[in-house]
Amino acid sequence: EPGENFSLNLIVLVFFFLVVSYIEEENSEFWRSQARKTLQAALDRKLNTNVARNILFFLGDGMGLTTLTAARILKGQLENQPGEETVMTMDTFPNVGLAKTYSVDFQVADSAATATAYLCGVKTNLNIVGVNAAGRNGVCRTQKGNEVTSILKWAKDAGKSVGIVTTTRVQHATPAGSYAHSASRTWYCDADMPESAKRDGCTDISFQLINNTDIDVIIGGGRKYMTPTGTKDPEYPTDFFSNGERKDGRDLIKEWQNLKTGKVAHYVWNKRSFPLSSPALFEPGDLRYEEERDPSMDPSIVETTEKAIRILQKNPKGFFLLVEGGRIDQAHHAGRASMALHEAVAFDRAIAKGLELTEEHETLTVVMADHSQPLTFNGFPFRGNSILGKSPLWAGDMLPYTTLMYGNGPGHKIVNGTRPDIRNVDTKSKDYIQQAAVPVDTTTHSGEDVAVLARGPMAHLFQGVNEQNYIAHAMGYAACVGADLRHCEGQTAPPLVHTTLKYNKNGAGAVSASAALLGSLLSGLLAITILM
């Protein structure tokens, strides 16, 4: 049969490639030559000290180092390569550092606390977004006076165009960090808020989306949080769970359209009208996974990234764009490594599209994760073994296990003291749930440092091991937005810092300015005493 012959020929070609590659790699000169080229590229590299006109910020939610490595291999294997030697687009970034992801109150952080750090430049507590660590989870009154603004707001105030693109709902923690201030990341709409929070004057994240900052491009999901309870969804009119959820009767989509009167702006909910419009909410909640989306209705993250850049780059003052691969994290939470890796590969393709549409001399591009996931890469698999496959070595219980597993998650299934036998299970399936060591309904995050990759103006600032909140300050400095404008003023000396001693009326502050000053004085006195 023609199909069988094609498959056989493909297998032969792949086998031939593997044999040739392995023979070549047995030659020492292969590795020496490769290293010399890499070394020379590093020696030839010149610092780009331009002021960044544009900032492209790519955030892979839950995209820890293990996910990066595994996604690289999958990308190569999807192209019929062994995979390990594959180069991702983000691998080509010349400047690499690490960010410490802990929050003020937890060793392992969530996406809200981390978003506040890398977007607003201030670390905070778990589940809080756009509010400093004096805020308390779910307590509205602690939010007041402790709000912090993001680099998206700084860029908008500087006259740049700004946008958010996400594969989740646009009210989710990562995008919310760019525009919202909320004592709870889960206050997507007013129906999600306790009455006490409403009485204390807090507003939901959807309301803040259209009222806090004039965002030029908004692309993602989450339309059910924008319309009144019972409003039928245009795409799923018979699905009760897709209906509008707002209890206040407000239609925020119409309100947004009224705010845009006199401007070229259209709201769309499917791909068919997407080429003609900019703000778009393609799903009631999060977007579909890349492997499950309907290409005729829902655009890919590559397409949404391209659309956003083409709109934003019309501004001669430049732009700031946040692009989130948000469903990497959600697939990990479900224990579905295959789905998570395919999301990461799609995310890398979006990065490639971003580089294609912009110029390196004027665009700072930063790629990073907010936190990691408890994914492990183990088992001594052979070169070229499917990253979604099984280890050739069996465990002590004489059962096979997969190369990728989770420290905890829904994949923990022990029956009569025995793990499931996966000898006849297709572990490469998008629906396969990896085995996990500890039983939880959804994986927790993990707390190790995450990679930060950068290229473009002042990309060399993103090196070393830094606190995660440093990222916002480095981006702001590179583009001359926010409080530190020394770069465009030709200065490098430290700016003067004025400390204001202020009583925190909420009584929720972690360490007051006066306490910090007193601590510094006591430390100085102690040091003098010791020296004496």
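Scoring rules and cut-offs
Each chain has its residues counted from 1, running along the sequence as written. Whole-chain, interface and lining totals are the exception, using all residues; otherwise, since this is a predicted model, local features are given only for residues with pLDDT of at least 70 and side-chain atom pairs are given and counted only at 80 or more. Each side-chain value is worked out from all heavy atoms of the structure, with water and hydrogens disregarded. UniProt positions are given in the numbering used here, feature names are shortened, and annotations may be inferred rather than shown by experiment. A helix here means a DSSP run of H or I that spans at least four residues, while a strand means a run of E at least two residues long, and both kinds are numbered starting from the N terminus. Buried residues are those whose accessible area, probed at 1.4 Å on protein chains only, stays under 20% of the maximum for their type, while exposed residues exceed 50% and partly exposed ones sit between those limits. Whether two residues are in contact is decided by their heavy atoms, any of which lying within 4.5 Å being enough. Axis definition: a line fitted to C-alpha atoms, limited for helices to the stretch in contact. Angles are taken between N-to-C directions and run from 0 to 180 degrees. Oblique is the label for any angle not under 35 degrees, not over 145, and not in the 65 to 115 range, which are roughly parallel, roughly antiparallel and roughly perpendicular in turn. When residue character is reported, Ala, Val, Leu, Ile, Met, Phe, Trp, Tyr, Cys and Pro are called nonpolar, Asp, Glu, Lys and Arg charged, and the others, Gly included, polar. Pairing between two strands requires that DSSP report at least two bridges joining them. For any helix crossing, the convention is left-handed if the near helix is rotated counterclockwise from the far helix by under a right angle, and right-handed if that rotation is clockwise. The rule is short: rings of Phe, Tyr and Trp, with Trp giving its six-membered ring, pair when the centres are within 6.5 Å, and they are stacked under 30 degrees, edge-to-face over 60, tilted in between. Geometrically, a charge over a ring is one whose NZ (Lys) or CZ (Arg) sits within 6 Å of the ring centre while staying within 35 degrees of the ring normal. Each reported salt bridge corresponds to a side-chain nitrogen of Lys or Arg within 4 Å of a carboxyl oxygen of Asp or Glu. Sulfur atoms of two cysteines make up a disulfide when they are within 2.5 Å.

- The protein chain appears in an unreviewed UniProt entry as Alkaline phosphatase from Oreochromis niloticus.
- Turning to the protein chain, the UniProt record has this under Subunit (unreviewed entry): "Homodimer."
- The UniProt entry for the protein chain carries this comment under Sequence similarities (unreviewed entry): "Belongs to the alkaline phosphatase family."

1. Describing the UniProt feature "active site" (unreviewed entry) in the protein chain
Then step 1. The feature "active site" (unreviewed entry), as given by UniProt, occupies Ser111 in the numbering adopted here.
Then step 2. With respect to the helices and strands, Ser111 occurs in helix H4 (residues 111-120).
Then step 3. For Ser111, a relative accessible area of 1% translates into the label buried.
Then step 4. Beyond its immediate stretch of four places on either side in the chain, Ser111 contacts Asp61, Ala173, Thr174, Arg185, Asp370, His371 and His445.

2. With respect to the packing of helix H3 (residues 65-78) against helix H12 (residues 337-357)
Axis angle and axis distance: for two packed helices, these are the angle between their axes and the distance between the axes, and together they describe the pair.
Then step 1. For the pair H3 and H12, the least separation of the axes is 9 Å and the interaxial angle reads 80°. Classified by the angle between their axes, H3 and H12 sit roughly perpendicular to one another. Across the interface between the two elements, Thr67, Ala70, Ala71, Leu74, Lys75 and Leu78 from H3 touch Leu341, His342, Ala344, Val345 and Asp348 from H12.
Then step 2. Taken together, the residues of the contact of H3 with H12 sort by class into seven nonpolar, two polar and two charged.

3. What to know about the pairing of strand E7 (residues 363-369)
Then step 1. The buried fraction of E7 is high, at seven of seven residues.
Then step 2. Here E7 shows a buried face lined by Thr363, Thr365, Val367 and Ala369 and a second buried face lined by Leu364, Val366 and Met368.
Then step 3. Summarising the sheet, E7 and strand E11 (residues 450-455) pair through four bridges and their orientation is antiparallel. The residue bridging Val366 from the neighbouring strand is Ala454, located in E11.

4. Digging into the packing of H4 against helix H13 (residues 470-479)
Then step 1. At a minimum axis separation of 5 Å, H4 and H13 run at an interaxial angle of 25°. Overall, the two elements H4 and H13 adopt an arrangement that is roughly parallel. Here H4 and H13 pass one another in a crossing that is right-handed. Contact residues: Ala117, Tyr118, Leu119 and Cys120 in H4; Ile471, Ala472 and Met475 in H13.

5. Concerning the packing of aromatic side chains
Then step 1. Enumeration over the complete set of coordinates arrives at five aromatic pairs.
Then step 2. Taking the centre distance of 5.2 Å and the plane angle of 45° together, the rings of Tyr188 and Tyr225 count as tilted. Taken together, the residues span a long stretch of sequence, with Tyr188 in the loop between helix H6 (173-176) and helix H7 (195-199) and Tyr225 in the loop between strand E4 (217-221) and helix H9 (252-259) at a distance of 37 residues. Just as Tyr188 is buried, Tyr225 falls in that class too.
Then step 3. Where Phe240 meets Phe241, the ring centres are 5.5 Å apart and the plane angle is 80°; that geometry is what we call edge-to-face. Both residues of the pair, Phe240 and Phe241, count as exposed.
Then step 4. Directly above the aromatic system of Tyr102 lies the positively charged group of Lys123, at a separation of 3.4 Å from the ring centroid.
Then step 5. Sitting above the plane of the Tyr289 ring, Arg327 keeps its charged end 3.8 Å from the centroid.

6. Observations regarding the pattern of salt bridges
Then step 1. Applying the stated criterion across every chain, the model contains 34 salt bridges.
Then step 2. Measuring nitrogen to oxygen at the nearest pair gives 2.9 Å for the salt bridge that ties Lys153 to Asp157. Taken together, the residues Lys153 and Asp157, both in helix H5 (residues 151-157) and four residues apart, mark about one turn of the helix.
Then step 3. Judged by relative accessible area, which is 24%, Lys153 ranks as partly exposed.
Then step 4. On the basis of relative accessible area, Asp157 is assigned to the exposed category, the value being 56%.
Then step 5. The salt bridge involving Arg288 is made with Glu283; its shortest N-O contact spans 3.7 Å.

7. What about the state of the cysteines?
Then step 1. Taken as a whole and assessed by the stated rule, the structure comprises two disulfides.
Then step 2. There is a disulfide in this structure between Cys140 and Cys202, and the S-S distance comes to 2.0 Å. Residues Cys140 and Cys202 share a disulfide whose torsion about the S-S bond is about 100°; that sign makes it right-handed. Of this pair, Cys140 sits in the loop between H4 and H5 while Cys202 is found in the loop between H7 and helix H8 (205-211), placing the two residues 62 residues apart along the sequence.

8. Overview of the sheet that holds strand E3 (residues 161-169)
The pairing of strands in a sheet comes from backbone hydrogen bonds and takes either a parallel or an antiparallel form.
Then step 1. The sheet built from nine strands is open, its strands ordered E5-E4-E3-E6-E1-E7-E11-E2-E12 with mixed pairing. Every other strand in the sheet has two partners, leaving strand E5 (280-281) and strand E12 (464-467) as the edge strands with one partner each.
Then step 2. The pairing of E3 with E4 spans four bridges and is classified as parallel. Its bridge partner lying in E4, Val165 is registered against Ile219.
Then step 3. Against the sheet, H12 engages strand E1 (54-60), strand E6 (319-325), E7 and E11, with an angle of about 175° to E1.

9. Remarks on the sheet that holds strand E9 (residues 404-409)
Then step 1. A sheet is described by the order of its strands in space; here three strands give the open sequence E8-E9-E10, paired in mixed fashion. The outermost strands of the open sheet, each flanked by one partner alone, are strand E8 (375-377) and strand E10 (436-439). In this sheet, adjacent strand axes meet at a mean angle of 20° when their direction is disregarded.
Then step 2. Two strands pair when backbone bridges link them, and E8 and E9 are joined in this way by three bridges, in the antiparallel orientation. Within the sheet, the bridge partner assigned to Leu375 lies in E9 and is Tyr406.

10. Examining the UniProt feature "binding site: Mg(2+)" (unreviewed entry) in the protein chain
Then step 1. Mapped onto this numbering, the UniProt entry annotates "binding site: Mg(2+)" (unreviewed entry) at Asp61, His172, Thr174 and Glu324. These annotated residues cover 264 residues of sequence, and their C-alpha atoms lie no more than 11.2 Å from one another, placing them together at a single site.
Then step 2. Checked against the element boundaries, His172 lands in the loop between E3 and H6.
Then step 3. On the basis of relative accessibility, which here comes to 9%, the residue His172 falls in the buried class.
Then step 4. Discounting chain neighbours no more than four positions away, the residues touching His172 are Arg185, Tyr188, Asp286 and Gln330.

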